[in-house]
Amino acid sequence: MLNLMKYYKENVLATDYYYKFYDCIIDFSNTIINDDLEVLESNISQFDFFDDDEIIEKFKYLCQPNTDVTSKINMKLFYLICFYLYKNGYYLEEFPNILKRPPDNPSDFTYNEIRSKLLSMGKGSNGVVRYATRRTFVADLTFRRNSYVFLEEDIDYLFEKISTRNARFNSMSENEKLKELGNLIENMLLHDEKFKKLDYSDLTFNYINDDIVKDFRNKVQCFRHASDEALEERQSFSNEQKKFLIDYGIIIIKSIYTLLKNQKK
């Protein structure tokens, strides 16, 4: 059994986008009457879920047109579910950014965005979308899960900064991910035309070192260039090999980021 309130409290960071909802989520004092333990336990149990499938079904329930998502408990559930699904690599195919950055008012998504989406699909008439149409659409929402190692918000922001199109990492193609992994490693380590040498041994148990980082940069170099030789080399990578390199590159980036951050303390 997973308690989403406990998960949020144990995993949210002050630097996370989701921290802005902390006061909205952590306010049990307003729901406890006369310190009644049964009331407290009842409120806590509303955040218990058996598995991810049950969590996803609850999300769909919150998005249904007849659900009052503005009630205090439903707002908490909306943010807690979005936080959990995002942290565990899920995204919503029809709305790829909703789990990453839910709106300040959940109804902006559950009513406005869903309604606008259906109108753009020609599912309404004269600006009106029938409840039955919305219910069917919500029930069929498609959740996908990234196969990649999870990327913290701070590092994702670094990818956005160096991207020529200001793209977040998960919105990139696999080839673009590999290109930007090489670019970000260079951006983080190259100083005065020399690459910084870091002591990875303690953090990574010697699984990463300067030579491994250099080898990785060389391996993905073909994704950073458009010469005939580079394009031909890209073709030699299978999809499975690309996914492995993406996961491995993220681990390298996270290690470099941690070591550089610790140096500044």
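This is a predicted model, so every value here is computed, not measured. (Residues numbered from 1 in each chain as written. Predicted model: local features only at pLDDT ≥ 70, side-chain atom pairs only at ≥ 80, totals over all residues. Heavy atoms only, no water.)

Chemist: Please clarify how the nonpolar core should be interpreted in this entry.
Modeler: Side chains of a nonpolar character, in soluble globular proteins, are inclined to be buried together. Counting residues in hydrophobic clusters, the biggest one holds 41 residues, and the most contacted among them are Tyr18, Phe59, Leu85, Leu99 and Phe109. For this core, the elements supplying multiple residues, two or more each, are helix H1 (4-11), helix H4 (52-63), helix H5 (72-87), strand E3 (90-92), helix H6 (107-120) and helix H7 (131-139). Top contributing element to this core by residue count: H5, with 11 residues. Beyond its immediate chain neighbours, meaning those up to four positions away, phenylalanine 59 contacts Phe78, Ile81, Cys82, Leu92, Leu99, Phe109 and Phe143. (Core = buried A, V, L, I, M, F, W, Y, C linked by side-chain atoms within 4.5 Å. Buried < 20%, exposed > 50% of the residue type's maximum accessible area, 1.4 Å probe, protein only. Helix = DSSP H or I, 4+ residues; strand = E, 2+ residues; numbered from the N terminus. Contact = heavy atoms within 4.5 Å.)

Chemist: It is not clear to me how the packing of helix H11 (residues 210-219) against helix H13 (residues 239-264) should be interpreted in this structure. Could you clarify?
Modeler: Each packed pair of helices is defined by two parameters, the angle between the axes and the distance between the axes. Running from N to C, H11 and H13 cross one another at 135°; their axes reach a closest spacing of 11 Å. Classed by the angle they form, the pair H11 and H13 counts as oblique. As H11 runs across H13, the sense of the crossing is left-handed. Mapping the contact onto sequence places Ile212, Val213, Phe216 and Lys219 in H11 and Leu245, Tyr248, Gly249, Ile252 and Ile256 in H13. (Axes fitted to C-alpha atoms, helices over the stretch in contact; angles between N-to-C directions. Parallel < 35°, antiparallel > 145°, perpendicular 65-115°, else oblique. Left-handed = near helix turned anticlockwise from the far one by under 90°.)

Chemist: What am I meant to see in the pattern of salt bridges here?
Modeler: Any two side chains of opposite charge can pair, on the condition that their charged atoms come close. Scanning the entire structure with this criterion turns up 6 salt bridges. For glutamate 186, the salt bridge goes to arginine 224, with nearest N and O atoms at 3.2 Å. With glutamate 186 in helix H9 (residues 174-189) and arginine 224 in the loop between H11 and helix H12 (228-235), this residue pair connects regions lying 38 residues apart in the sequence. For glutamate 186, a relative accessible area of 26% corresponds to the partly exposed category. (Salt bridge = Lys/Arg side-chain N within 4 Å of Asp/Glu carboxyl O.)

Chemist: Looking at this model, I keep getting lost on the packing of aromatic side chains. Mind explaining?
Modeler: Each aromatic ring pair is characterised by the separation of its centres together with the angle its planes make. Scanning all chains against the criterion turns up 22 aromatic pairs. The interplanar angle of 85° and the centroid separation of 5.0 Å between the aromatic rings of phenylalanine 95 and phenylalanine 109 together place this pair among those described as edge-to-face. Here phenylalanine 109 lies in helix H6 and phenylalanine 95 lies in the loop between E3 and H6, a separation of 14 residues in the sequence. As far as burial versus exposure is concerned, phenylalanine 95 and phenylalanine 109 are alike and both buried. If you follow lysine 117 out to its NZ or CZ, it ends over the ring of phenylalanine 95, 5.9 Å from the centre. (Phe/Tyr/Trp six-rings, centres within 6.5 Å; stacked < 30°, edge-to-face > 60°. Lys NZ or Arg CZ within 6 Å of the ring centre and 35° of its normal.)

Chemist: Help me out: how do you make sense of a negative patch on the surface in this one?
Modeler: Judged by side-chain charge, Asp228, Glu229, Glu232 and Glu233 come together as a negatively charged surface patch. On the secondary structure map, aspartate 228 appears in helix H12. (Patch = residues over 30% accessible without salt bridge, like charges linked within 9 Å, V, L, I, M, F, W, Y side chains within 5 Å. Areas by Shrake-Rupley, 256 points an atom, 1.4 Å probe, with all protein chains shown as cover. Lys, Arg positive; Asp, Glu negative; His and termini not counted. Charge placed at Lys NZ, Arg CZ, Asp CG, Glu CD.)

Chemist: Can you walk me through the side chain of lysine 76 in this structure?
Modeler: Take lysine 76: it is sitting in helix H5. Beyond its immediate chain neighbours, meaning those up to four positions away, lysine 76 contacts Cys24, Ile25, Ile26, Asp27 and Phe47.

Chemist: What am I meant to see in the confidence of the model for the protein chain here?
Modeler: Caution applies to low-pLDDT regions: their predicted coordinates should not be interpreted in detail. The share of residues in the protein chain with pLDDT of 70 or more is 90%, and the mean pLDDT across the chain is 88. Note that pLDDT drops below 50 for residues 28-42; the model gives that stretch 11 contacts with residues more than four away or on any other chain. (pLDDT = per-residue confidence, 0-100.)

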